[in-house]
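Per-entry structural report
The primary structure of each chain is shown beneath.
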Amino acid sequence: MDYKKTNAPLNTVTRDMIEMSKDTGNIYETVCICAKRANQIAGEMKHDLEKKLQEFASLNDNLEEITENREQIEISKYYEKLPKPTLIAAQEYIEGKIHYRNPAKDKPSLD
């Protein structure tokens, strides 16, 4: 999933959690699924941002030599304007793009 091309809203949206949890039958499980996916997205975004900002890092940094770099600021602003990971995860869940399983429900009973 490319989080840069998502159609998730940029602002917070009120969701009907009862409607969202019809697939799982449990509101808590639905929230956990979205939260785990949001953590994955946040990790991807952080990794991508660090990789892009690493190009601007110099080996001999000290406090007196740090200067502002316009390109670096533009990259940071771009990532700040992207939808938040929780909004992306909720949108993916609604669109059915998240695949999940519950190991507790999958394991056979010992009766």
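Just so it is clear, the structure is predicted and the values come from calculations on it, not from any experiment.

Running from N to C, helix H2 (residues 27-54) and helix H3 (residues 70-81) point in directions that differ by 170°, and their axes come no closer than 10 Å. By the angle between their directions, the pair H2 and H3 is classed as roughly antiparallel. Together, Met45, Asp48, Leu49, Lys52 and Leu53 of H2 and Gln72, Ile75, Ser76 and Tyr79 of H3 make up the contact between the two elements. Across the contact of H2 with H3, the residue classes break down as five nonpolar, two polar and two charged.

To continue, consider the confidence of the model for the protein chain. For the protein chain, mean pLDDT is 83; residues scoring 70 or higher make up 85% of the total. Within the protein chain, H2 carries the highest mean pLDDT (93), whereas helix H5 (residues 103-106) carries the lowest (77).

Moving on, we come to the pattern of salt bridges. Here the structure, examined in full by the defined rule, presents four salt bridges. One salt bridge connects Lys22 with Glu19, and the closest N-O pair in it is separated by 3.8 Å. As a salt-bridge pair, Arg37 and Glu92 come within 2.7 Å of each other at their nearest N and O atoms. Note that Arg37 is positioned in helix H2 and Glu92 in helix H4 (residues 85-95), a separation of 55 residues in sequence. In this pair, the class of Arg37 matches that of Glu92, namely buried. The network of salt bridges with shared partners includes Arg37, Glu44 and Glu92.

Analysis parameters
Residues numbered from 1 in each chain as written. Predicted model: local features only at pLDDT ≥ 70, side-chain atom pairs only at ≥ 80, totals over all residues. Heavy atoms only, no water. Axes fitted to C-alpha atoms, helices over the stretch in contact; angles between N-to-C directions. Helix = DSSP H or I, 4+ residues; strand = E, 2+ residues; numbered from the N terminus. Parallel < 35°, antiparallel > 145°, perpendicular 65-115°, else oblique. Contact = heavy atoms within 4.5 Å. Nonpolar A, V, L, I, M, F, W, Y, C, P; charged D, E, K, R; others polar. pLDDT = per-residue confidence, 0-100. Salt bridge = Lys/Arg side-chain N within 4 Å of Asp/Glu carboxyl O. Buried < 20%, exposed > 50% of the residue type's maximum accessible area, 1.4 Å probe, protein only.

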